[in-house]
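Next come the chains, spelled out residue by residue.
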Amino acid sequence: MTQHDLLISAAAEALCRGELVAFPTETVYGLGANAADEAAIARLYAAKGRPTNHPVIVHIARFEHLQHWVREIPPAARVLAAACWPGPLTLVLPRAPHVLHSITGGQDTVAVRCPSHPLAIALLEACAARGVWGLVAPSANRFGRISPTTAAHVTAEFGATLAQVLDGGPCAVGIESTIVDVSGATPRVLRPGMLSADRIANLLAMPLGAADAAAPRVSGGLAAHYAPRTPLRLLDAAGCGAHAAALIRLGHRVAVLASAGVLAGLGKDCETLPAADVPAAYAQTLYANLRTLDALGCAEILVEQPPPGPEWAGIHDRLKRAASGAGPSDAG
Ligand code: TXA
Ligand code: MG
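Residues numbered from 1 in each chain as written. Chains lettered and ligands numbered in written order. Predicted model: local features only at pLDDT ≥ 70, side-chain atom pairs only at ≥ 80, totals over all residues. Heavy atoms only, no water.

Asker: Could you clarify how one ought to interpret the pattern of salt bridges in this entry?
Answerer: If the charged atoms of two oppositely charged side chains come close together, the side chains can form a pair. Applying the stated criterion across every chain, the model contains 14 salt bridges. In this structure, Glu-64 engages Arg-62 in a salt bridge whose closest nitrogen and oxygen atoms are separated by 3.7 Å. Assessed through its relative accessible area of 35%, Arg-62 is described here as partly exposed. Connected through salt bridges with shared partners, the residues Glu-176, Asp-317, Arg-318 and Arg-321 form a single ionic network. (Salt bridge = Lys/Arg side-chain N within 4 Å of Asp/Glu carboxyl O. Buried < 20%, exposed > 50% of the residue type's maximum accessible area, 1.4 Å probe, protein only.)

Asker: Looking at this structure, how should I read the environment of Arg-95?
Answerer: By the secondary structure assignment, Arg-95 is in the loop between β4 (89-94) and α4 (101-104). Judged by relative accessible area, Arg-95 falls into the buried class, the value being 10%. Once the C-alpha coordinates of Arg-95 and Gln-107 are considered, the two residues, twelve residues apart in sequence, prove to be 8.5 Å apart. At 3.1 Å, the side chain of Arg-95 forms a polar contact with the backbone oxygen of Val-99. (Helix = DSSP H or I, 4+ residues; strand = E, 2+ residues; numbered from the N terminus. Polar contact = N/O pair within 3.5 Å; in protein donor to acceptor, adjacent residues only side chain to side chain.)

Asker: Looking at this structure, how should I read the environment of Gly-184?
Answerer: Considering the arrangement of structural elements, one finds Gly-184 in the loop between β8 (178-181) and β9 (188-191). On the accessibility criterion, Gly-184 (45% relative accessible area) is partly exposed. C-alpha of Gly-184 to C-alpha of Ala-197: the two residues are 13 residues apart in sequence and 17 Å apart in space.

Asker: Looking at this structure, how should I read the domain arrangement of the protein?
Answerer: You can read the domains of the protein as domain 1 (3-204) and domain 2 (232-325). Summarising the inter-unit geometry, the C-alpha centres of domain 1 and domain 2 are found 30 Å apart. Contacts between domain 1 and domain 2 engage 21 residues on the former and 16 residues on the latter. Of the roughly 1400 Å² buried between domain 1 and domain 2, counting both surfaces, carbon and sulfur atoms make up 59%. Summed over the three residues of domain 1 that lose the most area to domain 2, namely Ile-146, Ile-175 and Met-194, the buried surface amounts to 37% of that side. Taken together, the connections running from domain 1 to domain 2 amount to two salt bridges. Close ionic contact of Arg-318 with Glu-176 constitutes a salt bridge, the shortest N to O distance being 2.9 Å. Seen at the junction of domain 1 and domain 2, the total is six residue pairs in polar contact (both at pLDDT 80 or more). A per-class count over the side of domain 1 that touches domain 2 returns ten nonpolar, seven polar and four charged. (Domains from an automatic or database assignment. Contact = heavy atoms within 4.5 Å. Buried area = accessible area lost by both parts, 1.4 Å probe. Nonpolar A, V, L, I, M, F, W, Y, C, P; charged D, E, K, R; others polar.)

Asker: Would you explain the sheet that holds strand β13 (residues 300-304) in this entry?
Answerer: Backbone-to-backbone hydrogen bonds pair the strands of a sheet. The strands run either parallel or antiparallel. As summarised here, the arrangement of the four strands in space is β10-β13-β11-β12, forming an open sheet in which the pairing is parallel. On the outer flanks of this sheet lie β10 (232-235) and β12 (271-274), each paired with one strand and no other. Between one strand and the next, the sheet's axes are offset by a mean angle of 20°, whatever the strand orientation. The pairing of strand β11 (residues 254-258) with β13 spans four bridges and is classified as parallel. Along β13, the bridge assignment pairs Ala-255 with Ile-301. (Pairing = 2+ DSSP bridges. Axes fitted to C-alpha atoms, helices over the stretch in contact; angles between N-to-C directions.)

Printed below as a string of structure tokens:
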């Protein structure tokens with residue numbers, strides 16, 4: 001066995017014993033637990049500090065394993081899975097009768113995704129070979145905090161409380177998967193991501209339904225989510241410059257994530273990070289950038305509003321939530 005195989009099988013064994021293992025996916029790092037083990041799920045919710053009525057996503061190694069979790073596979077699910085799995089897409093489907101209420105928030109649906117990171121796939125296959133057909137894996141952060149995109153972020157948050165943290169390098173996508181509910185008559189996006197709603201509608205060759213705020217619970221759908229501790233303000237280019245200058249005049253330190261043009265106009269007293277000008281690179285670096293700026297302990301983090309457009313929708317969504325004044329208590 002290679003070193004890699006040994007790490008994977010040790011992680012799979014730990015998961016089968018009911019322990020928690022953090023692992024990389026292409027979106028963000030997940031905190032994994034056996035999706036069919038009630039005690040492991042209780043441990044997971046306790047570790048994250050997540051309210052027990054917030055459902056989690058079941059991660060599977062490949063499409064064929066979907067049958068273990070759902071009572072039917074609607075045609076739209078087949079189309080989307082064929083085009084996008086493995087990849088940053090989560091499908092909400094009618095759950096099979098044996099699926100634990102504790103992972104669905106008591107709903108009649110279950111969220112499932114097939115991640116594309118090779119370490120995630122290897123781990124999920126090793127679990128499947130041991131009769132564990134899926135791992136629930138919420139983002140490996142405490143509830144309401146910024147999601148981790150490196151193994152170091154996970155270790156900083158959970159320290160020694162996990163059986164293992166698999167290190168797969170920085171995540172390629174950088175924000176959480178797009179969630180599409182295909183359990184009803186009209187598919188609809190519940191959480192935007194880098195796989196755009198336009199792309200989903202094109203693949204299905206139909207318009208999508210409107211997201212209904214009253215329907216299934218999406219914890220990423222809470223306003224107070226993905227938040228740094230430092231207050232974060234979203235501003236246009238002119239607002240960034242003006243607000244930074246005003247804070248500095250008052251003697252405050254300020255951190256700014258903005259385009260090169262805006263940064264060039266700021267005084268030397270600002271802490272700055274350049275924002276990428278294409279959505280893929282912006283998303284890939286977003287959470288690490290927010291962590292870096294948060295750690296500076298400034299009075300405020302100012303973020304220049306990225307451009308409009310469907311390919312930026314997932315990014316706008318996460319920034320809006322980060323700006324909503326969230327702290328751990330606000331997030332529940
Ligand atoms: O990219 C991702 O999806 C990452 C990586 C680790 O795979 N995972 C992730 O998990 O973001 P988490 O637990 O942080 O977010 C799961 C989301 C929540 O917003 C939850 O409410 C929603 O999925 N969800 C789960 N089951 C659902 C259901 N039956 N109906 C509606 N939403 C559901
Ligand atoms: Mg999360």
